[in-house]
Amino acid sequence: MYTQTARVASEVGLHARPAALIAKKAQEFEDPVFITRGDETVEATSGLMIMTLGADHGDVVSVSSEDEEAVKQVAYLVEQAITPL
């Protein structure tokens, strides 16, 4: 399993728009992608589940998967300053 930490760059945290974009990216991969904050882990293919983590701007999360490229791409999105609509 590959794991990479990422700092949430979005000013709104992993809320609706950032979570939806991350979930869309995670759905592109065959292997499941997970995001962990503290002791809570959710599957990254669900924007709603990502939002339940309550990750705010500046929080550090871990992205993990059996697919190294999936980890890199999802972690990259977490680290982007995605703004709300």
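Everything in this summary refers to the structure shown in the same document.

The rules behind each value
- Residues numbered from 1 in each chain as written.
- Predicted model: local features only at pLDDT ≥ 70, side-chain atom pairs only at ≥ 80, totals over all residues.
- Heavy atoms only, no water.
- Buried < 20%, exposed > 50% of the residue type's maximum accessible area, 1.4 Å probe, protein only.
- Helix = DSSP H or I, 4+ residues; strand = E, 2+ residues; numbered from the N terminus.
- Arc of directions from axis to C-beta.
- Contact = heavy atoms within 4.5 Å.
- Axes fitted to C-alpha atoms, helices over the stretch in contact; angles between N-to-C directions.
- Parallel < 35°, antiparallel > 145°, perpendicular 65-115°, else oblique.
- Nonpolar A, V, L, I, M, F, W, Y, C, P; charged D, E, K, R; others polar.
- Salt bridge = Lys/Arg side-chain N within 4 Å of Asp/Glu carboxyl O.

### Section: helix H1 (residues 16-26)
Among the residues of H1, those classed as buried are Pro18, Ala19, Ile22, Ala23 and Ala26. The buried residues of H1 all sit within an arc of 130° when viewed along its axis, so they share a single face. Its buried side turned inward, H1 meets strand S2 (33-37), helix H2 (47-52) and helix H3 (68-78).

### Things to note about the packing of H1 against H3
Interaxial distance between H1 and H3 falls to 10 Å at its minimum, and their mutual angle equals 170°. Viewed along their axes, H1 and H3 adopt a mutual orientation that is roughly antiparallel. Judged by residue contacts, Leu21, Ile22, Lys25 and Ala26 of H1 engage Gln73, Val74, Leu77 and Val78 from H3. A class-by-class count of the residues in the contact of H1 with H3 yields six nonpolar, one polar and one charged.

### Focus: the pattern of salt bridges
Going through the model one piece at a time under the given rule, you end up with two salt bridges. The salt bridge partner of Lys25 is Glu28, with a shortest N-O separation of 3.1 Å. Between Arg37 and Asp59 there is a salt bridge, with the nearest N and O atoms lying 3.2 Å from each other. Taken together, the positions of Arg37 in strand S2 and Asp59 in the loop between H2 and strand S4 (60-65) put the pair 22 residues apart, joining distant regions of the chain.

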